Amino acid sequence: MSDPKQTKVVLDESEMPTHWYNIVADLPTPPPPPLHPGTKQPLTPDDLAPLFPMGLIEQEASTERWIEIPAEVHDIYRLWRPSPFYRARRLEQAVGTTARIYYKYEGASPVGSHKTNSAVPQAYYNKVAGRTRLTTETGAGQWGSALAFAAQIFGLECEIWQVRSSYEGKPYRHVLMETFGASVHSSPSELTQAGRALREKFPDTTGSLGMAISEAVEAAAGDPNASYSLGSVLNHVLLHQSVIGQEAIKQLALFGEQAADYVFGCAGGGSNLGGLAMPFIRENLEGRANATIVACEPKAAPSMTQGEYRYDFGDTAGLTPLLKMYSLGADFVPAPVHAGGLRYHGMAPLVSHCYHEGLLNAIAVPQLEAFEAGVLFSRAEGIVPASESNHAIAGALRQARAATEAGESPVIVIGVSGSGQLDLPAYSEFLAGQMVDA
C-alpha cells in the first residue's frame, strides 16, 4: 500500500527501460505499409537510404516486440530518465473531483520536453553511419531544440527549418536551438526550391509543419553527408518514445493502482501520444487493463476527428513517401494557434491505425479551453505546461468532472509532454483576454 500523502514516484536509474517497445508485434492486424510516391509499391530500405541511416530504417520496418537501447543512448538518457510521475492531488482539490489524477512529466529533460527521447538515438545512429549533418523541421521548437542538443553531443551539424508563426511568436525557442549550435531558418524560406515555391504560392503564409518538412527533406536529399531527422509521425520515433509509457505503468503500480481507467495525451504528429499510449494499449491487449486511451488534438488541426483515413504525403511539397494516416490534406495550413507542435495535417500511421481499429479514441480541444486547463494546472501543481500538453490536461479535466457528476472515481493518467516556460507569451495573451479560438 502506498503512502496516502505520496505525491510523486521517481524510479531509480537502474529501473530505466533497457528496450524500446514496438507495438507492431502485438497489433491484431498489421498496419498498412508506406508507399513509394512514384510506383505506389511498399517502400524498400533502398528507398529510404538517402534520408535515413540503416539503423533507423531497420527500426522503421521492424516487427520485433523489443529493441535494445544502445548503451551510448542509455547513458545519455540518464540525464533525465526515469522522468517523474505525480499524483495531482492539488489539481483534484481545485477541480473538486472524485477522480484520481496522475501525470507523467517529460519537462525535466535537458530541453524541457519528451522530444529528446528520440533525438538522442536518431543522432547516435546517424553518427554510427558516418553522417555528419542533420536537417529537420520544428513547430513550437521543442523538437528542434532536442535535435540541436543531441547533434552537439555526437558532434554533428544541425540545420533546422522552424514554422514561421512559431519562429516569430516564440523567439526564445530558436535562440535555444542556436545556443546548442544549430542554424535555424524561418519556414518557408528562400533557401530551398520547395520554400521558394511555397512562398510564391502562399505569399502571406504563417507556415506549417508540412512546409518545413519539405524544406528539410530537400536539403538532406541533396547532401550525401546529411540525413533528415523527423521528430514525430514515423514508427521509429514512436518506438523511441515508448520509454514514457513503460515507466508510467511501473510508477502507477507503485502508487498502489492496479491499472489506469483513462489515459490522455496531446496529439499532433503522434510522438508524445504514441510513446505514452502504446505500452498502455499493450496492457489492454494482454488483458491486464481496460483503459480508454484518448488522443487530444487541437480543434485547429483535427486530423483524426475530421480527417480522412487514406494515403497522403507527410509534407506539403510531396517529397515524402505516401503514408496511410488520418489526414486533412498535405496542403492544409492550420490557423496559427500557440500549440505549434500540434499544427500538422496528418497523424502518425501507427496512431492512425490504432484509432481506425478502435484501440484508442480522439477528441478535438479548442485553444481557449486548453489554456484554461493549463492555467488551472499551473496554479494547482506549480508546473507551467507546454501549450501542446494543455490539450491533454483539458481532455482529462472533462473526464474528471464527468466522473464526479456520475459519482465515480476513475484513475486518470495525463501525459504532460513538456514545460511551458518558453510559451509564456501565449499565456500572457490568454491572461490578458486577447486569445481567440481558431
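The structure we're discussing is the one just above.
Description of the structure in this document. (Residues numbered from 1 in each chain as written. Predicted model: local features only at pLDDT ≥ 70, side-chain atom pairs only at ≥ 80, totals over all residues. Heavy atoms only, no water.)

1. Structural notes on the side chain of S214
Then, number 1: With respect to the helices and strands, S214 occurs in helix α10 (residues 209-221).
Then, number 2: Here D315 takes part through its side chain, which lies 2.5 Å from a polar atom of the side chain of S214.
Then, number 3: If sequence neighbours within four positions are ignored, S214 has contacts with A194, D315, T316, A317 and L319. (Helix = DSSP H or I, 4+ residues; strand = E, 2+ residues; numbered from the N terminus. Polar contact = N/O pair within 3.5 Å; in protein donor to acceptor, adjacent residues only side chain to side chain. Contact = heavy atoms within 4.5 Å.)

2. Describing the sheet that holds strand β7 (residues 157-163)
Then, number 1: The parallel open sheet is built from four strands, whose spatial order is β8-β7-β6-β9. Each edge of the open sheet is held by one strand with a lone partner, namely β8 (183-187) and β9 (226-228). Along the sheet, successive strands turn relative to each other by an average axial angle of 20 degrees, direction set aside.
Then, number 2: One ladder, built from five bridges, connects β7 with β8; its direction is parallel. Note on β8: the bridge partner recorded for V163 is S187.
Then, number 3: Helix α8 (residues 171-179) rests against β6 (133-138), β7 and β8 of the sheet, and its axis sits at about 175 degrees to β7. (Pairing = 2+ DSSP bridges. Axes fitted to C-alpha atoms, helices over the stretch in contact; angles between N-to-C directions.)

3. Points about empty space enclosed by the protein
Unfilled space is identified by rolling a water-sized probe across the atoms.
Then, number 1: Taken as a whole and assessed by the stated rule, the structure comprises four cavities of 30 Å³ or more.
Then, number 2: Its boundaries defined by the atoms lining it, the largest cavity holds a volume of some 310 Å³.
Then, number 3: Around the largest cavity, the lining comprises 28 residues; the ones closest to its centre are K115, L209, S232, S271 and G341.
Then, number 4: In terms of residues, the lining of the largest cavity owes the most to one element, helix α13 (residues 271-285), which gives three residues.
Then, number 5: Class assignment of the residues belonging to the lining of the largest cavity gives a composition of eleven nonpolar, 14 polar and three charged.
Then, number 6: Counted as a void, the second largest cavity has a volume near 70 Å³.
Then, number 7: Lining the second largest cavity we find 13 residues, and of these A300, V337, V365, P366 and Q367 sit closest to its centre.
Then, number 8: By residue class, the composition of the lining of the second largest cavity is eight nonpolar, three polar and two charged. (1 Å grid on protein atoms, 1.4 Å probe; cavity = no way out; pocket = protein on both sides within 12 Å on 5 of 7 lines; lining within 4 Å. Points joined across faces, edges and corners; volume = space filled by probe spheres on them. Nonpolar A, V, L, I, M, F, W, Y, C, P; charged D, E, K, R; others polar.)

4. Quick look at the packing of aromatic side chains
Then, number 1: Here the structure, examined in full by the defined rule, presents 16 aromatic pairs.
Then, number 2: Each ring, one from Y86 and one from Y103, has its centre 4.9 Å from the other, and the planes form 15 degrees; the classification is stacked. Separated by 17 residues along the polypeptide, Y86 in strand β4 (residues 85-87) and Y103 in strand β5 (residues 100-105) bring together distant segments of the chain. Each member of the pair, Y86 as well as Y103, carries the same accessibility label: buried.
Then, number 3: Centre to centre, the rings of F371 and Y427 are 5.1 Å apart; their planes meet at 70 degrees, and the pair counts as edge-to-face. Residue F371 is located in helix α16 (residues 367-381), and its partner Y427 is located in helix α18 (residues 424-431); the two are separated by 56 residues in the primary sequence.
Then, number 4: Residue classification places F371 among the buried residues on the basis of a relative accessible area of 1%.
Then, number 5: Each member of the aromatic cluster is reached from another via a ring pair, and the members are F85, Y102 and F255.
Then, number 6: The side chain of K324 reaches across the aromatic face of Y309, ending 4.5 Å from its centre. (Phe/Tyr/Trp six-rings, centres within 6.5 Å; stacked < 30°, edge-to-face > 60°. Buried < 20%, exposed > 50% of the residue type's maximum accessible area, 1.4 Å probe, protein only. Lys NZ or Arg CZ within 6 Å of the ring centre and 35° of its normal.)

Structural measurements only, silent on function.
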